[in-house]
Amino acid sequence: MTEKNAILKVEGHDDISLPIYTPTIGQDVIDVASLTSKGLFTFDPGFTSTASCESKITYIDGEKGQLLHRGYSIEELANKSDYLEVCYLLLFGELPTAEQKESFVSTVKNHTMVHEQLQFFYRGFRRDAHPMAVMCGVVGALSAFYHDSTDIKNPTHREVTAYRLIAKMPTIAAMCYKYSAGQPFMYPRNDLSYSENFLHMMFGTPCEESKISPVLAKAMDRIFILHADHEQNASTSTVRLAGSSGANPFACIAAGISALWGPAHGGANEAVLNMLDQIGDVSNIDAYIAKAKDKNDPFKLMGFGHRVYKNYDPRASVMRESCHEVLNELGIHDPQLELAMKLEEIALSDPYFKEKKLFPNVDFYSGIILKAMGIPTSMFTVIFALSRTVGWIAHWNEMISNPYKIGRPRQLYTGYDERKFTPVNERK
Ligand code: SDX
């Protein structure tokens, strides 16, 4: 990073010189760390103008609608790579050679089973528990199973933890679905690919051999790739913050799952389908667009808008293409897709959405594909969490393997100044 300087002029203070760092690509950043020693804080709720860390993993250009993982575009990766290869890339920084890939895939395959005790955690939940609530609990519980790899300063322990999480998330996710359906858990199979295995554990039964459509397996793998990582989003920032205290990595991932659940973040894919149900028919679109534009109406067009993208989310474009492929392949005519396409067309031509640069994001189409694949709406964010686990653990590992501090933001305090305690019998 080359250093330039910004000069901050604050009444009552000498000019303050702040270093400016220039990234490989993207915006310059101003290092404000020294302001505390001058008795000053910055104020940036929602971190809209704050770079929380240095990272080499993912780059997003919101204006161009560009997403790079270790320099490779999401379009190239989605069309030419596969999820486990993208996992290797995110974790180790380079695409694997054929030999490295074979070893990585084999290692993941041999970690897909969960401890036999883990299944008993599910029984504590009602069958109608939201699967994300179950994921938070069960993934957090993994912290209690792997005492052999919790020295976070040990690179081998960190690597084993990454393998375990990438390998076990599909098993745990599928168990969430099976538990809610009252069906027996399915063991993973080492003769299947990562996405075939997930579909087998989701829809297979002990009564017959699983028949997995290669089209669905490919679509599932592409969905995993599209959700793998996305820079310092809310859930990844949560994992980094939890990890900065030295917490158990499985607990940090459980924290990320909790943050992802919100409808403003990973919960949006489920919220999109619920919104399309609420809109119901093309004739109602204008009324809902008006609600979305009404400042006094809390309704937002789910699947639209993004903190960083002020152009089309490149993942949404790939997802849209996959959506048509899957529905055509399955011969499904989904009125919700028609409704979604019409909604997108009307919204993108509306001055409000154009002016505020609100485009469809990754969640707008993912729900429609997942629904077409027979996955219940309540499982959509679980699949997002499964996919994003590699991104979370890659960022956690990047932080822990470099010098870091515990994250501890400050605040703008607007509460009472010091005041005397009043005994209860004197309070009015
Ligand atoms: C994900 O960060 C990531 O990278 C996340 C993610 C990832 O891969 O990790 O990409 C995944 O979370 C995608 C986003 C999924 N969420 C949704 O689709 C929910 C609907 N979208 C909104 O909630 C909103 O767009 C956010 C939360 C995504 C972004 O919100 P910001 O950046 O805080 O922007 P904002 O709420 O300040 O909105 C700016 C303006 C506001 O109007 P004004 O106050 O300026 O008048 O745009 C309006 C908002 O009211 N606006 C919307 C809108 N989104 C923003 N108006 C109607 N419908 C919307 N969807």
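Residues numbered from 1 in each chain as written. Predicted model: local features only at pLDDT ≥ 70, side-chain atom pairs only at ≥ 80, totals over all residues. Heavy atoms only, no water.

Here's the deal with the pairing of strand 2 (residues 16–21)
No. 1: Burial analysis of strand 2 places five of its six residues in the buried class, the great majority of the element.
No. 2: Where strand 2 lies against strand 3 (residues 29–30), two bridges are found, and the strand directions are antiparallel. The partner of Ile-20 across the bridge, within strand 3, is Ile-30. (Buried < 20%, exposed > 50% of the residue type's maximum accessible area, 1.4 Å probe, protein only. Helix = DSSP H or I, 4+ residues; strand = E, 2+ residues; numbered from the N terminus. Pairing = 2+ DSSP bridges.)

Side note on the site of the ligand
No. 1: Around the ligand, the structure places 24 residues, and the nearest of them are His-230, His-306, Arg-307, Arg-315 and Arg-388.
No. 2: At 3.0 Å from an oxygen atom of the ligand is found a side-chain nitrogen or oxygen belonging to His-265.
No. 3: Taking Phe-304, its main chain carries an N or O atom lying 2.9 Å from a nitrogen atom of the ligand.
No. 4: Starting from 1000 Å² of accessible surface for the ligand in isolation, the protein chains cover 76%.
No. 5: When the residues that make up the shell around the ligand are grouped by side-chain class, the tally is ten nonpolar, seven polar and seven charged. (Near = heavy atom within 4 Å. Polar contact = N/O pair within 3.5 Å; in protein donor to acceptor, adjacent residues only side chain to side chain. Areas by Shrake-Rupley, 256 points an atom, 1.4 Å probe, with all protein chains shown as cover. Nonpolar A, V, L, I, M, F, W, Y, C, P; charged D, E, K, R; others polar.)

Section: the pairing of strand 5 (residues 66–69)
No. 1: Of the strand pairs in this sheet, strand 4 (residues 58–61) and strand 5 are connected by four bridges, and their pairing is antiparallel. In the sheet register, Ile-60 faces strand 5, and the bridge partner there is Leu-67.
No. 2: Hairpin connection from strand 4 to strand 5: four residues lie between these consecutive antiparallel strands, with Gly-65 at a positive phi of about 70°.
No. 3: Where strand 5 and strand 6 (residues 72–73) come together, two bridges link them in antiparallel fashion. Following the sheet pairing, His-69 is matched in strand 6 by Tyr-72.

Here's the deal with helix 12 (residues 285–293)
No. 1: Within helix 12 the residues assigned to the buried category are Ile-285, Tyr-288, Ile-289 and Ala-292. In an axial view of helix 12, the angular spread of the buried residues amounts to 105°, which keeps them on one side of the axis.
No. 2: Turning to helix 12, the residues buried within the fold contact helix 11 (268–279), helix 14 (335–348) and helix 15 (351–355). (Arc of directions from axis to C-beta. Contact = heavy atoms within 4.5 Å.)

Description of the packing of helix 11 against helix 14
No. 1: Contact pair helix 11 / helix 14: the axes reach a minimum separation of 10 Å and the direction vectors enclose 90°. In terms of their interaxial angle, helix 11 and helix 14 are classed as roughly perpendicular. Residues Leu-273, Met-275, Leu-276, Asp-277 and Ile-279 of helix 11 pack against Gln-336, Leu-339, Ala-340 and Leu-343 of helix 14.
No. 2: A breakdown of the residues in the contact of helix 11 with helix 14 according to their chemical character gives seven nonpolar, one polar and one charged. (Axes fitted to C-alpha atoms, helices over the stretch in contact; angles between N-to-C directions. Parallel < 35°, antiparallel > 145°, perpendicular 65-115°, else oblique.)

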